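Close look at the chain arrangement
Each chain is listed here by its residues.
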Amino acid sequence: MGILAWIKDSVNPAPRELKYTNDEVQQKFCVFLDDQGYQPNVFRRFLAQFWDSFAKPPRYRWYLHKLDANVMFYFLLSFFIKTLDNTNISNAYVSGMQHDLALDGQQRNLFNTVFYIGYILGSIPSQFLINKIRPSIWLPCCEIAWSVLVMCIATAQSATPIYVLRFFIGLCESTTYPATAMILGSWYRPEELAKRMSVYDLASALASMCSGFIQAGVYTSMNGLAGIAGWRWLFIVDGIIGLPICFLGFYSIPDFPNTTRVTWLTPLEKDFSVVRMAELGQKSTRKLTFRRFLSFFKSWRIYAFNWPYILFNVSATYSYFNLWLQSLHIYSVQQINLIPTAGYGMAIFTCYLSANISDRIGLRWPMLLVAVFFNFFGNLLLAIWNIPFGLKYAAFFFPEIGYPVWALILTWASESFQDDAELRGMLSAVGNTVSYSISAWLPLLAFPTPMAPHYVWGYHLMCGLSFLSGIGVLFFIVMEKREKRMLGRIVNKYGLAVDPDDLKDFTVPESVVDLVREEKVGDIEAEKGKRVEVSVMAV
């Protein structure tokens with residue numbers, strides 16, 4: 001492919017639609033689908049308890065490992081470095097930035113506020129751009145700009161340039177999370193997605209945990225090196241780490257199954273990527289117009305998803321833990337940075353555990369409610385405030401047990417709304433826009449820095465929002481079941497509701513699929529008849 005053709009194919013890429021019958025798929029992709037006679041050994045069955053691909057047949061396993069080694073590895077690194085920077089703003093503030101730049105009052109919150117403004121302005125437009133420009137081009141370009149801007153913070157001599165830089169950092173970062181959720185949901189199946197979304201979110205918790213260790217290490221070993229303060233070195237290191245990740249993205253990001261052009265998948269694997277997602281009933285990407293974007297707001301879907309998603313986002317309080325530790329005057333700067341890492345370690349464990357359990361039971365909402373409960377309980381204890389010292393310590397940690405909510409609700413939405421790829425990408429974009437719109441001003445009122453660490457009504461408010469997020473999860477359950485009933489959808493072998501015409505099973509002959517479809521449609525019609533009969537009798 002020439003350079004001009006490559007550039008032309010990077011904008012508005014032509015989708016590749018495959019027209020295979022069930023029988024043709026069985027013949028063409030038997031190396032992936034036919035696992036008859038294959039029995040994983042005891043060791044592989046043990047590993048499969050933690051990572052599903054280990055129990056797959058060899059060619060299928062190799063295919064998933066290639067996806068993980070490229071797609072997951074890049075997104076993990078990308079999310080890790082971005083979260084590291086966001087966490088480091090708080091750590092840098094208590095590690096010398098406040099003194100060096102003569103900061104007081106609300107600057108710490110304002111650094112986050114201007115970041116949120118940039119994020120808000122970029123989230124939704126970036127989803128339109130991803131529909132026009134390949135993610136494998138757009139995302140790495142945003143990464144490059146982001147890395148340069150982060151390093152520039154190290155040169156700041158006052159709060160003003162940091163405000164400007166944080167705004168553009170938020171603008172560049174706004175595309176990452178929604179695009180990642182959309183891409184992962186387009187490549188991984190239900191039994192694969194929750195664990196991978198949880199591992200992706202683990203990168204955020206891991207970065208938050210590492211930030212304390214890195215800040216402590218930089219403060220101890222690099223503070224004053226070349227006449228540069230330790231907190232400045234931290235942003236320099238962030239940017240230096242980020243640049244190689246940017247260039248990895250050009251190679252690793254696969255776009256979508258029906259538009260991919262990556263070299264690390266064979267032509268057969270590219271075709272298989274399309275048909276294995278089609279078996280779920282998942283629709284391929286389509287053109288996103290402004291009219292279609294507006295139609296999203298006429299459906300219950302965007303509201304049911306964003307109700308719990310937004311409220312859980314704005315009710316996070318763990319970033320105020322280090323201010324409480326600082327107020328005790330019994331810990332060093334290094335200890336203030338290191339102690340909160342225990343909560344992030346707890347988040348890593350509970351995030352993966354919740355995803356694994358939800359995969360096993362085939363439901364997302366039970367573990368979501370568990371996560372919401374711990375967030376509510378932690379904020380409730382902090383709202384009371386006058387509690388034993390040890391219990392207050394635990395209260396700051398409890399919300400981190402609720403960390404899995406993002407991975408679980410994104411997986412749930414990907415399964416429930418698999419008929420609309422653009423909607424799946426727009427869900428978190430809209431959610432983040434609203435969340436950050438609220439977060440841009442709410443901390444200034446609920447958690448004013450001069451009142452640290454005891455925020456009189458801030459924790460009461462977060463407690464109420466956590467409770468309402470649990471109600472939002474229940475609303476999602478009700479509306480999902482209602483839509484399935486009203487549209488006459490049937491449940492496939494993966495437990496997903498699909499239109500009857502989209503029922504597929506590439507492991508059996510097509511004639512068998514037709515019989516199953518007729519049987520399921522007949523069951524639906526019979527159920528409708530019973531409901532009509534009951535309603536007539538009631539009248």
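Everything discussed here concerns the structure shown above.
Residues numbered from 1 in each chain as written. Predicted model: local features only at pLDDT ≥ 70, side-chain atom pairs only at ≥ 80, totals over all residues. Heavy atoms only, no water.

1. Quick word on the pattern of salt bridges
In the structure shown here, the tally under the stated rule is 20 salt bridges. In this structure, the salt-bridge partner of Glu415 is Arg364, at a minimum N-O distance of 2.5 Å. Of this pair, Glu415 sits in helix α20 (residues 405-416) while Arg364 sits in the loop between α17 (341-361) and α18 (365-384), placing them 51 residues apart in sequence. Of the two residues, Glu415 and Arg364, neither departs from the other in class, the shared state being buried. Of the charged contacts in the structure, one is a salt bridge between Asp419 and Arg489, with a shortest N-O distance of 3.1 Å. Of this pair, Asp419 sits in the loop between α20 and α21 (421-439) while Arg489 is found in the loop between α23 (458-486) and β1 (490-491), placing the two residues 70 residues apart along the sequence. Exposure remark for Arg489: the relative accessible area of 10% places this residue in the buried category. Overlapping salt bridges bring together Asp52, Asp68, Lys195, Arg196, Asp359, Arg364 and Glu415 as one network. (Salt bridge = Lys/Arg side-chain N within 4 Å of Asp/Glu carboxyl O. Helix = DSSP H or I, 4+ residues; strand = E, 2+ residues; numbered from the N terminus. Buried < 20%, exposed > 50% of the residue type's maximum accessible area, 1.4 Å probe, protein only.)

2. A word on the packing of α18 against α20
A pair of packed helices can be characterised by two numbers: the angle between their axes and the separation between those axes. Two elements in contact, α18 and α20, have axes whose closest approach is 9 Å; the angle formed by their N-to-C orientations is 150 degrees. Taken together, the axes of α18 and α20 lie roughly antiparallel to each other. Like other packed secondary-structure pairs, α18 and α20 cross with a definite hand, here left-handed. In this structure, α18 uses Trp365, Met367, Leu368 and Ala371 to contact α20, whose residues at the interface are Val405, Leu408, Ile409 and Trp412. (Axes fitted to C-alpha atoms, helices over the stretch in contact; angles between N-to-C directions. Parallel < 35°, antiparallel > 145°, perpendicular 65-115°, else oblique. Left-handed = near helix turned anticlockwise from the far one by under 90°. Contact = heavy atoms within 4.5 Å.)

3. Considerations on the packing of aromatic side chains
As enumerated under the stated definition, the model contains 47 aromatic pairs in all. Connected via pairs of aromatic rings, a cluster forms that spans Tyr320, Phe321, Trp324, Trp385, Phe389, Tyr393, Phe396, Phe397, Phe447, Tyr455 and Tyr459. The ring of Trp146 carries Lys82 above its face, with NZ or CZ at 5.1 Å from the centroid. Directly above the ring of Trp385 sits Lys392, whose terminal nitrogen or CZ lies 3.8 Å from the centroid. (Phe/Tyr/Trp six-rings, centres within 6.5 Å; stacked < 30°, edge-to-face > 60°. Lys NZ or Arg CZ within 6 Å of the ring centre and 35° of its normal.)

In short, geometric facts, not functional conclusions.
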